[in-house]
Amino acid sequence: MTDRRVVVADRVSGRIRASAYLGALPPPAVRAGRDGVGAVTFGSTDGLLGSLTGAANPAAFLARSVRLVGLPDAEYVRDLIAQVQARPWAAG
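Residues numbered from 1 in each chain as written. Predicted model: local features only at pLDDT ≥ 70, side-chain atom pairs only at ≥ 80, totals over all residues. Heavy atoms only, no water.

**Some thoughts on the overall build of the protein chain**
Next up, step 1: What the protein chain contains, in helices and strands, is three helices and five strands.
Next up, step 2: Seen in sequence order, the protein chain has helices and strands lined up from the N terminus as β-β-β-β-α-α-β-α.
Next up, step 3: The contacts in the protein chain between residues at least 6 apart in sequence include a share of 55% that link residues at least 24 apart.
Next up, step 4: Roughly 6,100 Å² of accessible area belongs to the protein chain as shown, and the carbon and sulfur atoms make up 54% of that amount. (Helix = DSSP H or I, 4+ residues; strand = E, 2+ residues; numbered from the N terminus. Contact = heavy atoms within 4.5 Å. Areas by Shrake-Rupley, 256 points an atom, 1.4 Å probe, with all protein chains shown as cover.)

What follows is the structure in C-alpha coordinates.
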(Lines give C-alpha, C1' and ligand atoms only; values in the text may rest on other atoms or scores of the structure.)
Protein backbone atom coordinates (compact mmCIF):
# COMPACT_ATOMS: atom_id res chain seq x y z
CA MET A 1 0.00 0.00 0.00
CA THR A 2 1.21 3.48 -0.83
CA ASP A 3 -0.19 6.85 0.17
CA ARG A 4 -2.45 6.71 -2.92
CA ARG A 5 -2.86 3.10 -4.07
CA VAL A 6 -3.22 -0.52 -3.10
CA VAL A 7 -0.88 -2.69 -5.15
CA VAL A 8 -1.27 -6.47 -5.25
CA ALA A 9 1.96 -8.24 -6.15
CA ASP A 10 2.93 -11.88 -6.47
CA ARG A 11 4.93 -12.92 -3.42
CA VAL A 12 7.39 -15.00 -5.44
CA SER A 13 8.05 -12.94 -8.56
CA GLY A 14 7.10 -9.51 -7.20
CA ARG A 15 5.14 -8.88 -10.39
CA ILE A 16 2.21 -6.50 -9.95
CA ARG A 17 -1.09 -8.35 -10.43
CA ALA A 18 -3.50 -5.45 -9.83
CA SER A 19 -3.62 -1.95 -8.41
CA ALA A 20 -6.28 0.62 -7.59
CA TYR A 21 -6.35 4.10 -6.21
CA LEU A 22 -7.58 4.18 -2.63
CA GLY A 23 -10.14 6.83 -3.57
CA ALA A 24 -11.69 4.46 -6.12
CA LEU A 25 -12.25 1.71 -3.56
CA PRO A 26 -15.18 1.40 -1.16
CA PRO A 27 -14.59 2.57 2.42
CA PRO A 28 -12.38 0.22 4.42
CA ALA A 29 -13.73 -2.07 7.11
CA VAL A 30 -11.71 -3.57 9.94
CA ARG A 31 -11.83 -6.75 11.98
CA ALA A 32 -9.41 -6.74 14.85
CA GLY A 33 -8.82 -8.93 17.85
CA ARG A 34 -8.37 -7.73 21.40
CA ASP A 35 -4.65 -7.35 20.77
CA GLY A 36 -5.33 -4.97 17.86
CA VAL A 37 -4.02 -7.35 15.21
CA GLY A 38 -6.50 -7.74 12.41
CA ALA A 39 -7.50 -7.28 8.80
CA VAL A 40 -8.72 -4.43 6.62
CA THR A 41 -11.07 -5.12 3.71
CA PHE A 42 -12.72 -2.88 1.13
CA GLY A 43 -16.48 -3.12 0.61
CA SER A 44 -18.29 -6.39 0.99
CA THR A 45 -16.84 -9.83 0.49
CA ASP A 46 -19.71 -11.53 -1.28
CA GLY A 47 -17.96 -14.69 -2.40
CA LEU A 48 -17.41 -16.24 -5.79
CA LEU A 49 -20.45 -14.72 -7.49
CA GLY A 50 -19.39 -11.22 -6.49
CA SER A 51 -15.85 -11.88 -7.65
CA LEU A 52 -17.07 -13.13 -11.02
CA THR A 53 -19.44 -10.23 -11.58
CA GLY A 54 -16.76 -7.77 -10.51
CA ALA A 55 -14.25 -9.14 -13.03
CA ALA A 56 -15.48 -6.64 -15.65
CA ASN A 57 -14.63 -3.77 -13.30
CA PRO A 58 -11.00 -4.05 -12.11
CA ALA A 59 -11.46 -1.69 -9.15
CA ALA A 60 -14.55 -3.59 -7.98
CA PHE A 61 -12.78 -6.92 -8.42
CA LEU A 62 -9.74 -5.64 -6.53
CA ALA A 63 -11.95 -4.29 -3.76
CA ARG A 64 -13.55 -7.71 -3.30
CA SER A 65 -10.30 -9.63 -3.41
CA VAL A 66 -7.91 -7.48 -1.38
CA ARG A 67 -7.59 -8.13 2.31
CA LEU A 68 -4.74 -6.64 4.29
CA VAL A 69 -4.13 -9.24 7.00
CA GLY A 70 -1.96 -9.57 10.07
CA LEU A 71 -1.85 -5.83 10.67
CA PRO A 72 -0.51 -5.00 14.15
CA ASP A 73 -2.81 -1.97 14.50
CA ALA A 74 -5.59 -2.66 12.00
CA GLU A 75 -7.89 0.14 13.18
CA TYR A 76 -5.10 2.69 12.73
CA VAL A 77 -4.46 1.43 9.18
CA ARG A 78 -8.19 1.65 8.40
CA ASP A 79 -8.23 5.22 9.71
CA LEU A 80 -5.23 6.17 7.54
CA ILE A 81 -6.92 4.73 4.46
CA ALA A 82 -10.15 6.61 5.26
CA GLN A 83 -8.17 9.87 5.59
CA VAL A 84 -6.60 9.33 2.17
CA GLN A 85 -9.99 8.49 0.64
CA ALA A 86 -11.38 11.79 1.97
CA ARG A 87 -8.79 13.81 0.01
CA PRO A 88 -10.02 15.35 -3.24
CA TRP A 89 -7.13 13.89 -5.28
CA ALA A 90 -7.45 10.36 -3.88
CA ALA A 91 -9.24 8.87 -6.89
CA GLY A 92 -6.18 9.41 -9.04
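**Remarks on the pattern of salt bridges**
Should their charged atoms come close, side chains of opposite charge can pair.
Next up, step 1: In this structure the tally under the stated criterion is one salt bridge.
Next up, step 2: Taking the shortest distance from any N to any O, the salt bridge between Arg78 and Asp79 comes out at 3.0 Å. (Salt bridge = Lys/Arg side-chain N within 4 Å of Asp/Glu carboxyl O.)

**Some details on the confidence of the model for the protein chain**
Next up, step 1: When pLDDT is averaged along the protein chain, the result is 78; 73% of the residues meet or exceed 70.
Next up, step 2: Mean pLDDT per element in the protein chain: helix α1 (residues 47-54) is the minimum at 45, and helix α3 (residues 74-85) is the maximum at 93.
Next up, step 3: Note that residues 47-54 has pLDDT below 50 and, in this model, seven contacts with residues that lie over four places away or in other chains. (pLDDT = per-residue confidence, 0-100.)

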